[in-house]
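Structural overview
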Number of protein chains: 2
Amino acid sequence: MHETYRIQPGSKLRLGDIPSNDDAGLNRDDAEKEFKQLSKRLVDLQEILYAQKKHSLLVVLQAMDTAGKDSTIRSVFSPLDQLACHALSFKAPSQEERDHDFLWRVHQRTPAKGFIHIFNRSHYEDVLVVRVKNLVPKEVWKARYDHINAFEKMLADEGTTIVKFYLHISKGYQKERLQRRLDNADKHWKFNPDDLKERAVWDDYMAAYDDVLERCSTKHAPWYVIPAEKRWFRDLLVARIMVATLESLDMKYPDPAFDPRSIVIE
Amino acid sequence: MHETYRIQPGSKLRLGDIPSNDDAGLNRDDAEKEFKQLSKRLVDLQEILYAQKKHSLLVVLQAMDTAGKDSTIRSVFSPLDQLACHALSFKAPSQEERDHDFLWRVHQRTPAKGFIHIFNRSHYEDVLVVRVKNLVPKEVWKARYDHINAFEKMLADEGTTIVKFYLHISKGYQKERLQRRLDNADKHWKFNPDDLKERAVWDDYMAAYDDVLERCSTKHAPWYVIPAEKRWFRDLLVARIMVATLESLDMKYPDPAFDPRSIVIE
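If you're wondering where the values come from, they're calculated on a predicted model, not measured in any experiment.

Parameters at a glance
- The residue numbering used here restarts from 1 in each chain and proceeds along that chain's sequence as written.
- Naming scheme: in the order in which they are written, chains are lettered from A and ligands are numbered from 1.
- Under the rules for a predicted model, residues below a pLDDT of 70 receive no local features and side-chain atom pairs below 80 are neither given nor counted, while totals for whole chains, interfaces and linings still include all residues.
- Derived side-chain values reflect all non-hydrogen atoms in the structure, with water molecules and hydrogen atoms excluded from consideration.
- We call two residues contacting when some pair of their heavy atoms lies within 4.5 Å.
- Put simply, buried area is how much 1.4 Å-probe accessible surface two parts lose in total, over both of them, once they are put together.
- Salt bridge, as used here: a side-chain nitrogen of Lys or Arg that lies within 4 Å of a carboxyl oxygen of Asp or Glu.
- The definition of a polar contact used here is a pair of N or O atoms within 3.5 Å, where within protein one atom must be able to donate a hydrogen and the other to accept one, and adjacent residues in sequence count solely through side-chain atom pairs.
- We treat two strands as partners when DSSP finds at least two bridges between them.
- For helices the rule is a DSSP run of H or I covering at least 4 residues; for strands it is a run of E covering at least 2, with both sets numbered from the N terminus onward.
- To define axes, lines are fitted to C-alpha atoms, for helices over the stretch in contact only, and angles between the resulting N-to-C directions are given on a 0 to 180 degree scale.
- Fitting of the copies onto one another was done by least squares over C-alpha atoms, counting residues only where both copies have pLDDT of at least 70.
- Planes of paired rings set the category: under 30 degrees apart is stacked, over 60 is edge-to-face and the rest tilted, where pairs are Phe, Tyr or Trp rings (Trp by its six-membered ring) whose centres lie within 6.5 Å.
- We call a residue buried when its accessible area falls under 20% of the maximum for its residue type, exposed when it is over 50%, and partly exposed in between, using a 1.4 Å probe and counting protein chains only.
- Across the chain, each position has a pLDDT score giving the predictor's confidence in that residue, from 0 to 100.

Before going further, it helps to examine the interface of chain B and chain A. Often, the extent of an interface is quoted as the loss of accessible area upon association of its parts. Listed per partner, the contact involves 23 residues of chain B and 23 residues of chain A. A buried area of about 2000 Å², summed over both sides, lies between chain B and chain A, and 55% of it is on carbon and sulfur atoms. Connecting chain B to chain A are two salt bridges. Salt-bridge contacts for Glu-158 of chain A lead to Arg-144 of chain B; the nearest nitrogen and oxygen are separated by 2.7 Å. The interface formed by chain B and chain A contains 19 residue pairs in polar contact (both at pLDDT 80 or more).

Rendered as structure tokens:
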């Protein structure tokens, strides 16, 4: 079922035409039960990933504000072993980072064999916010789609499995979420008036995401568009995709370098 | 003249057919005089590069043992400001480095805007020693030529000028140099018996270099084959190419962000 949400390479699509409150007709209780099982399976799979040290897994998480990037990380990834699973946030780049190419700081944070890294925002910001706000000339960001694809292909060929999630919400849903932050004193810390500036250019962001999804969903690094307004459905879908992705690696615990039967512990 | 030594993209070539003791018919004294002038010019150009902070320059240096990588760095690059010009050596990768893709450690050491980095050995070892010694499966190193080209194209598009030097010597010349190390007690520290293992597969290395030069000399990141047996000619050629490369950037000191005439220092 989750394959429905995978973007085929080169698909022409408009996010505005894709429902963001979809739940595939599932029942919430059933979904939550299944999620718990998937969550346990994910913990098991991560242990094999870490033990085998053959593959690494890079998860890219992108979304508009209030779509639930942080809460997805909490629900799906927090149960995993923090020693081998790291969530990394990419904020506005430092001066040193801006003095290098856009992939420089990202490449330093790619996962080693055995590890899972979750990118909370990523190199995609360099064709999203950077494009919408004209932070570099058009010819620079235009060249970056190919650079991103080449970079991700290199990572894949060298042993990193990549999966990318766009958490999809509507502009109306964002309004509700922002209002809730304003109405609730405990949530004021989450509200940043600057977020309204991003909201004002919502359509520009959607156009930029449309191009990302069309140009950068590849066989080796697919994008999934996750309807994210029902959080239980969002978590279920992300967990299913994570489990399916790890199972496709056909991993196993490594053979010991010794014969366990020959060992005598005195 | 130095353009003769630039490898055109896609050239079929065999290093064995290229003279390694070429001096273009130059007179040594004239060459050394010209080198001194070029060396001063290089210092001036580097200052503008650093002041303008618009471009960065990556110099890749590859060669067989005894070809003079270290001495080239000493002659050509040591006069430059050490604050903004760094020579970086790539040795056998650490376990952590091997747990990432082959470009991971290299990318971390690319130059920031305003800087010159000289790679003493480089990511090319991952299709040279790694290929000759079968350190990864063939399908892995075969994919790396494209990955290197894509990586260098990305760096170039993002503001890094790349120039790559292969210091060319013959197998006979290497024998002389190694023998000199053995015959001279002061040079014993430079002799490593393991170097003879590399020498034993000289032809495999030449075939690997032939492929590098054929596949990875691009418009944006050219390879130059430098006849390196006459050191004065080698230094002259590298200096000429460095000056020509920096001059092609059409750099200038940045305009001050203030009107110098309006400033009164009391």
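After presenting the structure, the write-up continues.
All names here are of chain B. The strand order across the open sheet formed by five strands is β2-β3-β1-β4-β5, and the pairing between neighbours is parallel. Two strands in the sheet have a free side with no partner beyond their single neighbour: β2 (85-89) and β5 (223-227). Neighbouring strand axes in the sheet, compared pairwise and without regard to direction, differ in orientation by 20 degrees on average. Sheet topology note: the β2/strand β3 (residues 116-120) ladder contains five bridges and is parallel. The residue bridging Ala-87 from the neighbouring strand is Ile-118, located in β3. In this fold helix α9 (residues 202-216) packs onto β1 (56-63), β4 (160-168) and β5, with an angle of close to 135 degrees to the strand it touches most, β5.

A word on the sheet that holds strand β2 (residues 85-89) of chain A. Residue and element names in this part refer to chain A. Read from one edge of the open sheet, five strands run β2-β3-β1-β4-β5, paired in parallel fashion. Edge positions in the sheet fall to β2 and β5 (223-227), since each has one partner strand and no second. Taking the axes of each pair of neighbouring strands and ignoring which way they run, one obtains an average angle of 20 degrees across the sheet. Strand direction decides the pairing type here: strand β1 (residues 56-63) and strand β3 (residues 116-120), joined by five bridges, are parallel. Pairing of Val-59 across the sheet is with Ile-118, part of β3. Relative to the sheet, helix α6 (residues 138-157) contacts β1 and β4 (160-168), its axis offset from that of β4 by approximately 135 degrees.

Here Asn-134 of chain A, not a glycine, exhibits a phi torsion of approximately 55 degrees, which is positive. Backbone geometry places Lys-53 of chain B, a non-glycine residue, at a positive phi of 50 degrees. Checked against the element boundaries, Lys-53 of chain B lands in the loop between α1 (28-52) and β1.

This brings us to the relation of the copies chain B and chain A. Mapping chain B onto chain A is achieved by rotating through 180 degrees and translating by 0.0 Å along the same axis, at an RMSD of 0.0 Å. Considering both components of the superposition, the chain copies are consistent with a two-fold axis.

What follows covers the packing of aromatic side chains. Taken as a whole and judged by the stated rule, the model has 16 aromatic pairs over all chains. Between the aromatic rings of Trp-141 of chain A and Tyr-145 of chain A, the centroid separation amounts to 6.4 Å while the plane-to-plane angle is 80 degrees, which identifies the pairing as edge-to-face. Placement of the pair is Trp-141 of chain A and Tyr-145 of chain A together in helix α6, with a separation of four residues, close to one helical turn. Neither residue differs from the other here; Trp-141 of chain A and Tyr-145 of chain A are each classed as buried. Relative to Tyr-224 of chain B, the ring of Phe-165 of chain B has its centre 6.0 Å away and its plane inclined at 35 degrees; by these criteria the two rings are tilted. On the criterion of sequence distance, the pair formed by Phe-165 of chain B in strand β4 and Tyr-224 of chain B in strand β5 is long-range, its members being 59 residues apart.

Our focus in this paragraph is the confidence of the model for chain A. In the predicted model, chain A carries a mean pLDDT of 95, and the fraction of residues at 70 or more is 100%. Quick note on the complex model: pTM equals 0.91, ipTM equals 0.87.

A few words now on the side chain of Glu-158 of chain B. Checked against the element boundaries, Glu-158 of chain B lands in the loop between α6 (138-157) and β4. Among the polar contacts made by the side chain of Glu-158 of chain B, one reaches the main-chain amide nitrogen of Phe-102 of chain A at a distance of 3.2 Å.

One can find His-100 of chain B in the loop between α3 (95-98) and α4 (104-107). Judged by its relative accessible area of 9%, His-100 of chain B is buried. Not counting residues within four places of it along the chain, the set of residues in contact with His-100 of chain B comprises Thr-110, Pro-111 and Ala-112 of chain A.

All right, on to helix α2 (residues 69-77) of chain B then. Taken together, the buried positions of α2 of chain B are occupied by Lys-69, Ser-71, Thr-72, Ile-73, Val-76 and Phe-77 of chain B. Each element contacted by the buried residues of α2 of chain B is listed here: α1, β1, β2, β3, β4 and α10 (231-247) of chain B.

Right, let's talk about the pattern of salt bridges for a bit. Side-chain pairing between opposite charges can occur once the charged atoms of the two side chains come close. In the structure shown here, the tally under the stated rule is 38 salt bridges over all chains. Residues Lys-197 of chain A and Asp-194 of chain A are paired through a salt bridge, measuring 3.2 Å at the closest nitrogen-oxygen approach. Classification of Lys-197 of chain A by relative accessible area gives exposed; the value is 57%. The salt bridge partner of Glu-152 of chain B is Lys-164 of chain B, with a shortest N-O separation of 2.7 Å. Separated by twelve residues along the polypeptide, Glu-152 of chain B in helix α6 and Lys-164 of chain B in strand β4 bring together distant segments of the chain. Residue Lys-164 of chain B is classed as buried on the basis of its relative accessible area of 0%. Taken together, the shared-partner salt bridges connect Asp-65, Arg-121 and Glu-125 of chain A into one network.

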